[in-house]
Amino acid sequence: MNGKKGSIRIDICLPSDIVVPEAVKKPITKVPSPRKWLYDVWEFARQDTNRVTFALKVGLACFLVSLLILFRAPYEIFGTNIIWSVLTVVVMFEYTVGATFNRGFNRALGSVLAGVFAIVVIEVAMSSGHIAEPYIIGFSIFLIGAVTSFMKLWPSLVPYEYGFRVILLTYCLIIVSGYRMGNPIRTVMNRLYSIAIGGLVAVLVNAFIFPIWAGEQLHKELVNNFNSLADSLEECIKKYISDDGSKHPDFSKTVMDDFHDEPAFGKCQATLNSSEKLASLANSAKWEPPHGRFKHFFYPWVEYVKVGNVLRHCAYEVMALHGCVHSEIQAPYNLKCAFRAEILDATNQAAELLRSLAKDVNNMKWSFQTSLLKRVHVSTKRLQHSIGLHSYLFTTNHEDSSAKAQLKTTRFVSFNLKDFNKESDEPEGMVTRNINTTSAPMEAESYHEMIRRQQRRLHSWPPREIDNFKDDENVISDLMPRMCALESTTVMSLATFTSLLIEFVARLDHLVEAVEKLATMARFKEQIMN
């Protein structure tokens, strides 16, 4: 009790040795210091100086339009309708010149159509009398709202969605304000003039003061995707080859893609997610006039998107390789070392080809990639040949135990279902069996005993060695597996990894064809490489 009426306080003293769980403790949120905030803003601006340029241009355009309100002469002409100029600059000014032209076209077309519809409806409503006038105006607002909202959902009209939105907004504001203020025709014309002034200021400032071209942004984005994919491929392969199994990330980090030691992994993810960005930049670039290095009309911006799609198709394989690197089942380190030279050679050749294509696109000079592509194919064939030559490694259990002084092998059985089908009708003595033992000499086994043990091994996971099984007469051996099982599931991960790498190289052929088509249509300068 604390002495006050109606209030009770109970003090509980906890022993000092009691530890409060971490989940009970309230998280302490650190407020970033102003210095840290300023540093983040500086880094954000330093990464792309066009962001600062765009912000300053928007401020300049708004300032120029606001002068029409601050000075008395233009304000007396347009009145309060001049505020539409400021609104037009705000909604129309985009990051790139092409996007601004696109917005301007939708804004202009929507405003003109809305003005025409408003004038027609106002004339009809005024000629119908004061009683029917509000009903006609109300029904027209309902009709315009329903039609524009439905049409902007039409698949082929989705690019003009902003235009339909402008029609609805401008029509409603014009016809309602004109009905109450009187003289609706003058109101419509003043607002159209104000919108035209705002759009003209936005276009002139964006196009003539440090312009940011969507075509140039698209060009750089595609080149960066090439280099990012090459870096991701090399990083993924080197990490897989050098991984001896001593370090394995937590499952939570794998799910959340928390790989701080793999900076190129994030770039590969950005490449996969760049489809919408490339399509948006290409759509904006269509509205831009010839500029810079892109000097001819009807530039093939769509081909950039197609090359990006093929490049993203290759990035899928890199992400699959990355999944093998962080999978739960890993091949033995000594087995990776057996194919280390061939895997690294194929990887280096593929990465060199990607960087060469990026250089050609960046310089807008096409060099026939015959030699590089041939070297990539040769390195891949060398890897395939090495896998075929050492295929016994994929059917034999090779485990390197560091706790033992020497490698100890256990008995294994090599079984092939096709051979079994062919030899099932032959005498038992004609069947070939391959049985390795550790210390005892080779022992003869009956054919049925071999089949039974083989089935026990096939239906066990994780794979167990044959010697660990005890005789069990109740094992059902009616169903035979369709495929020849490997001695250990871990060996299959290396086979999967190499097959994904070979598939990646195969997709490079389509990438070279796409870049060659882009070079032809964009009129790149040709250079012949030996």
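It should be emphasised that the depicted structure is a prediction, and the values quoted were computed from it without experimental measurement.

About the criteria used
Residues numbered from 1 in each chain as written. Predicted model: local features only at pLDDT ≥ 70, side-chain atom pairs only at ≥ 80, totals over all residues. Heavy atoms only, no water. Core = buried A, V, L, I, M, F, W, Y, C linked by side-chain atoms within 4.5 Å. Buried < 20%, exposed > 50% of the residue type's maximum accessible area, 1.4 Å probe, protein only. Helix = DSSP H or I, 4+ residues; strand = E, 2+ residues; numbered from the N terminus. Contact = heavy atoms within 4.5 Å. UniProt positions renumbered as here; feature names shortened; annotations may be inferred. 1 Å grid on protein atoms, 1.4 Å probe; cavity = no way out; pocket = protein on both sides within 12 Å on 5 of 7 lines; lining within 4 Å. Points joined across faces, edges and corners; volume = space filled by probe spheres on them. Nonpolar A, V, L, I, M, F, W, Y, C, P; charged D, E, K, R; others polar. Axes fitted to C-alpha atoms, helices over the stretch in contact; angles between N-to-C directions. Parallel < 35°, antiparallel > 145°, perpendicular 65-115°, else oblique.

Student: Where do I start with the nonpolar core in this structure?
Tutor: One recurring pattern in soluble globular proteins: nonpolar side chains tend to sit buried together. By size, the foremost hydrophobic cluster in this structure holds 67 residues, and its most contacted members are Phe-226, Leu-229, Tyr-304, Leu-354, Phe-504, Leu-508 and Phe-524. Elements represented by at least two residues in this core include exactly helix 9 (214-242), helix 11 (263-272), helix 12 (275-285), helix 13 (301-325), helix 15 (340-363), helix 16 (370-389) and helix 19 (489-521). For this core, the element with the highest residue contribution is helix 19, accounting for 15 residues. Discounting chain neighbours no more than four positions away, the residues touching Leu-354 are Phe-226, Leu-229, Ala-230, Leu-311, Phe-504, Leu-508 and Leu-511. Ala-118, Ile-137, Ile-167 and Val-188 belong to the second largest nonpolar core, which has 13 residues in total.

Student: Even after reading the chapter, I still don't get the UniProt feature "transmembrane region" (unreviewed entry) in the protein, so can you show me in this structure?
Tutor: The UniProt entry lists residues 54-71, 77-97, 109-129, 135-155, 162-180 and 192-214 under the feature "transmembrane region" (unreviewed entry), expressed in the numbering used here. Here residues 109-129 runs as 90% helix and 0% strand, with 31 Å between its end C-alpha atoms. End-to-end, the C-alpha atoms of residues 162-180 are 27 Å apart, and along that stretch the chain is 100% helix and 0% strand.

Student: For this particular structure, what's the right way to read empty space enclosed by the protein?
Tutor: Remark: the empty space left among the atoms is shown by a probe the size of a water molecule rolled over them. Within this structure, the stated rule accounts for one cavity of 30 Å³ or more. There is about 40 Å³ of room inside the largest cavity. Lining the largest cavity are Ser-232, Glu-235, Cys-236, Glu-262, Phe-265, Cys-268, Val-318, Met-319 and His-322. The set of elements that each furnish at least two residues to the lining of the largest cavity consists of helix 9, helix 11 and helix 13. Taken together, the residues that form the lining of the largest cavity break down as five nonpolar, two polar and two charged.

Student: I tried to follow the packing of helix 4 (residues 83-92) against helix 5 (residues 97-127) on my own but got confused; where do I start?
Tutor: A pair of packed helices is captured by two measures, namely the crossing angle of their axes and the spacing between those axes. Two numbers describe how helix 4 lies on helix 5: the axes approach to 9 Å, and their chain directions differ by 135°. Overall, the two elements helix 4 and helix 5 adopt an arrangement that is oblique. Here helix 4 contributes Trp-84, Thr-88, Val-91 and Met-92 to the contact with helix 5, which in turn contributes Thr-100, Arg-103, Gly-104 and Arg-107. Tallied by class, the residues present in the contact of helix 4 with helix 5 amount to three nonpolar, three polar and two charged.

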